[in-house]
Amino acid sequence: MRDCPNQLRFLSSLSRSKDTLQLKLFEFVCDNLLDGFGQDLTPALTFLVSFKGLRHLYLKLSNFEESPRIGAVIKYHQYTLESLSYHESRLVPLDDEGLFEEERDVSPQWLEGQFDTLNLSRMTALGICASPSTVRLCLEPLATRSAIEILHIRFTGSERFHRDIPLEITTRLRTKLSRDTCHHYNIESPRQEPYTNSWSDLASIVNDDLALWEMNESGSVEKTLSASSEAEEFVAFAEWVFGPTGLPNLHVLAFGDFSHNNRFQKQQFLTRRRHHENEPRYKDHQHPACIHESLSQSFCAANSADTSLWENLGVDGARFLSSCPASGLIESPFEL
């Protein structure tokens, strides 16, 4: 159910039915602004606890205030859930007076500190709209018992139309490799001289990865630094989650918006665990932004169109990543 008219009323009727449902998958996308601001999720939440045996739960909720109750619903199905995708957004003020608002992704409140909500030993696919550091705080205490094979850190692609996520992450990986190499051989990194606050300096080094990430500018350049910070956070998370203290069964890590048939290709990045003995198998399926496999010892870029990527996994990976798409089809400026 994706933004269907009267969908909450329909679920309310179903929850009162005397017949016992045997539902295996439930996908629900609902915006409170579209359905009539002021409603709550009680009909949907009541419906979800009116039956048992749910295996796949995909939720995208906009402009609701129901996070604690949603956590209770997820916990209700934790012993049967094999995959969970959860995305939350709401209007946030853009100015101090609150005169202008814009819908933005938000981290779910039920995720913080609720380690018993998710049954990681049962679940094989998890999608969460939260920062990599927040996801790590949630998963790390139970990482060794995790059965998760696919992990998707979600965000809405339209919020990052101006960004090239694959390029940012690959640049960060190259920067990290350069620093690690210099440290290993005890040599100085390039570009040690300071930079002045001028656009000519930025233009002259825009292709110099190390300098780009180390600049300390103001104004519009802060957007570059913000992108750098997010890319650095993702790379650190990927190193952990594929590393010896991360998720032992993880095969695929996705970052970004994979909805609408890869319409947001510049707002997504897909990685897989690196298996050295199987590397030739993936040579023809490299992500366009993946420059060298040696950028990381634990993971490398992947392509969602590579069917071998999803072999022997517990869920349909491509279907899982594209669940609960953003409402409407908005053209990316990169496609215009």
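On a predicted model such as this, the values are computed, not experimentally measured, just so you know.

Caption draft 1: The arrangement of the overall build of the chain in detail. The helix and strand tally for the chain stands at 11 helices and 9 strands. Going through the 336 residues of the chain one by one, you find that 50% of them count as buried. Looking at the chain alone, contacts between residues at least 24 apart form 70% of all its contacts between residues at least 6 apart. When the accessible surface of the chain is split by element, carbon and sulfur atoms take 50% of a total near 16,800 Å².

Caption draft 2: Highlighting helix H1 (residues 7–15). Residues Gln7, Leu8, Leu11, Ser12 and Ser15 constitute the buried set of H1. In a view along the axis of H1, the buried residues occupy a sector of 145 degrees, so they form one face of it.

Caption draft 3: Geometry of the packing of aromatic side chains. In total, this model carries 10 aromatic pairs according to the counting rule given. Geometrically, the ring pair formed by Phe155 and Phe255 is edge-to-face, given 5.2 Å between the ring centres and 80 degrees between the ring planes. One end of the pair, Phe155, is in the loop between strand E6 (150–153) and helix H6 (165–184); the other, Phe255, is in strand E7 (residues 252–256), and 100 residues separate them in sequence. Assessed through its relative accessible area of 4%, Phe155 is described here as buried. Given the relative accessible area of 2%, Phe255 is considered buried.

Caption draft 4: Broad picture of the layout of surface pockets. When its volume is computed, the largest pocket comes out at roughly 650 Å³. What lines the largest pocket is a set of 32 residues, among which Glu103, Arg104, Asp105, Thr156 and Glu159 lie closest to the centre. Mapped onto the lining of the largest pocket, the elements with two or more residues apiece are strand E1 (25–31), strand E2 (56–62), strand E4 (101–105), helix H5 (132–139) and helix H9 (221–241). If one sorts the elements of the lining of the largest pocket by residue count, E4 sits on top with 4 residues. Of the residues contributing to the lining of the largest pocket, the split by class is 12 nonpolar, 8 polar and 12 charged.

Parameters and conventions
- Residues numbered from 1 in each chain as written.
- Predicted model: local features only at pLDDT ≥ 70, side-chain atom pairs only at ≥ 80, totals over all residues.
- Heavy atoms only, no water.
- Helix = DSSP H or I, 4+ residues; strand = E, 2+ residues; numbered from the N terminus.
- Buried < 20%, exposed > 50% of the residue type's maximum accessible area, 1.4 Å probe, protein only.
- Contact = heavy atoms within 4.5 Å.
- Areas by Shrake-Rupley, 256 points an atom, 1.4 Å probe, with all protein chains shown as cover.
- Arc of directions from axis to C-beta.
- Phe/Tyr/Trp six-rings, centres within 6.5 Å; stacked < 30°, edge-to-face > 60°.
- 1 Å grid on protein atoms, 1.4 Å probe; cavity = no way out; pocket = protein on both sides within 12 Å on 5 of 7 lines; lining within 4 Å.
- Points joined across faces, edges and corners; volume = space filled by probe spheres on them.
- Nonpolar A, V, L, I, M, F, W, Y, C, P; charged D, E, K, R; others polar.

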